[in-house]
Amino acid sequence: MEIFGVDIGGSGIKGAPVDLDRGDLATERHKVLTPQPATPDAVADGVREVVQRFDWQGPVGITYPGVIAEGTTVRTAANVDKSWIGVDARTLLSERLGGLPVVVVNDADAAGVAEMRFGAGRDRTGTVLLLTFGTGIGSALFVDGILVPNSELGHVEMHGREAEKHTSTKAKDDHGLSWEHWAHRVQKYLLYLEKLFSPELFIIGGGVSRKAHKFLPLIEDVRAEIVPAKLENNAGIVGAAMRAAEQGEHRVSAATAPDPSGGV
Ligand code: BGC
């Protein structure tokens, strides 16, 4: 089965039909630049451009880089335009796509769902934490494969500052940190999260996962296993499509479920 997935990121809006049996893009993805400022209206136009490129007419899963309450309403906007807060993103995007069914999901949660099914978290039980390092830090928390949505661990406070301000790859670039220096910050962050959650596994995602060999070997003292994500840049797209497929199944089963009142 194929479902369309879109990943809204700080620099690009990327999307493609996803082959849900393989957990991979069915065709090459299309990308447009994220408009600046990244207002809801401008981003919705970008999403439409990506989806229309494929002449897609089915359900669409879309990531958003902030808290999404009940798959619908935006609650935070750390690295996008603040006018997103309070927006019913599902309705906005569905309308912009001519009424196609839309599911909106936090970007790190989407990446996590994809990694747990098809990537580095496959068949892993217990507590697993996926962290995406980029403009911010995203997190996806799993207990026995079940997602605890919107965990937002990039915003935990360490030394009086939000962790993502200090330890994202943006912080590395902005301050010209060496891999050694940055790995030290990542190590402190992982140790802090380990104290809070005692996960069995950390999965390190985001674009930097491609360069895992440069910094993972420098991280010490963390008890949990630490592995790079496997799906790299496509995890968000794949995970968003998976969430949209699940919602579709719920809709079908709710429509065909026996009437709980027994028809009385
Ligand atoms: C947001 C998260 C998001 C992460 C990565 C953070 O600033 O609060 O929701 O997952 O950035 O985009």
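Residues numbered from 1 in each chain as written. Predicted model: local features only at pLDDT ≥ 70, side-chain atom pairs only at ≥ 80, totals over all residues. Heavy atoms only, no water.

1. Some words on the domain arrangement of the protein
So the rule is basically this: Domain extents, as shown, originate in an automatic or database domain assignment. Working rule for contacts: check all heavy atoms of both residues, and any pair within 4.5 Å makes them a contact. Put simply, buried area is how much 1.4 Å-probe accessible surface two parts lose in total, over both of them, once they are put together.
According to the domain assignment, the protein consists of domain 1 (2-109 + 234-256) and domain 2 (120-229). If you average the C-alpha positions of domain 1 and of domain 2, the two centres end up 24 Å apart. The interface is formed by nine residues belonging to domain 1 together with 13 residues belonging to domain 2. Across the interface of domain 1 and domain 2, roughly 830 Å² is buried in total on both sides, 48% from carbon and sulfur atoms.

2. Remarks on the nonpolar core
Under the convention used in this document: Each nonpolar core is a collection of buried residues, namely Ala, Val, Leu, Ile, Met, Phe, Trp, Tyr and Cys, held together in the definition by side-chain atoms within 4.5 Å. For every residue, the accessible area (1.4 Å probe, protein chains only) is compared with the maximum for its type, and the residue is labelled buried under 20%, exposed over 50%, or partly exposed between those bounds. Counting from the N terminus, the helices are the DSSP runs of H or I reaching at least four residues and the strands are the DSSP runs of E reaching at least two.
In terms of nonpolar packing, the biggest core is built from 29 residues, with Val18, Leu20, Phe142, Ile203, Val238 and Met242 touching the most fellow members. If you list the elements that add at least two residues to this core, you get strand 2 (12-19), helix 3 (107-118), strand 9 (127-133), strand 10 (137-143), strand 14 (201-205) and helix 8 (235-256). Of all the elements, helix 8 adds the most residues to this core, at seven residues. Two domains share this core, each providing at least three of its residues, namely domain 1 (2-109 + 234-256) and domain 2 (120-229). Apart from the residues within four sequence positions on either side, isoleucine 203 is in contact with Met116, Ala120, Gly121, Val128, Leu129, Leu130, Leu131, Val227, Pro228 and Ala229.

3. Focus: the packing of helix 1 (residues 40-53) against helix 2 (residues 89-96)
For clarity, the cut-off: Only the stretch in contact is used when fitting a helix axis, every axis being a line fitted to C-alpha atoms; angles between N-to-C directions are given from 0 to 180 degrees. For classification purposes, an angle smaller than 35 degrees is called roughly parallel, one larger than 145 roughly antiparallel, one from 65 to 115 roughly perpendicular, and anything else oblique. Helix crossings fall into two classes, left-handed where the near helix is turned counterclockwise from the far one by less than a right angle and right-handed where it is turned clockwise. Residues are grouped as follows: Ala, Val, Leu, Ile, Met, Phe, Trp, Tyr, Cys and Pro are nonpolar; Asp, Glu, Lys and Arg are charged; all remaining types, including Gly, are polar.
Contact geometry for helix 1 and helix 2: axes closest at 9 Å, N-to-C directions at 45 degrees. Between helix 1 and helix 2, the crossing angle belongs to the class labelled oblique. Relative to helix 2, the crossing made by helix 1 is right-handed. Judged by residue contacts, Pro40, Asp41, Ala44, Asp45, Val47 and Arg48 of helix 1 engage Leu92, Leu93 and Arg96 from helix 2. For the contact of helix 1 with helix 2, a count of residues per class yields five nonpolar, no polar and four charged.

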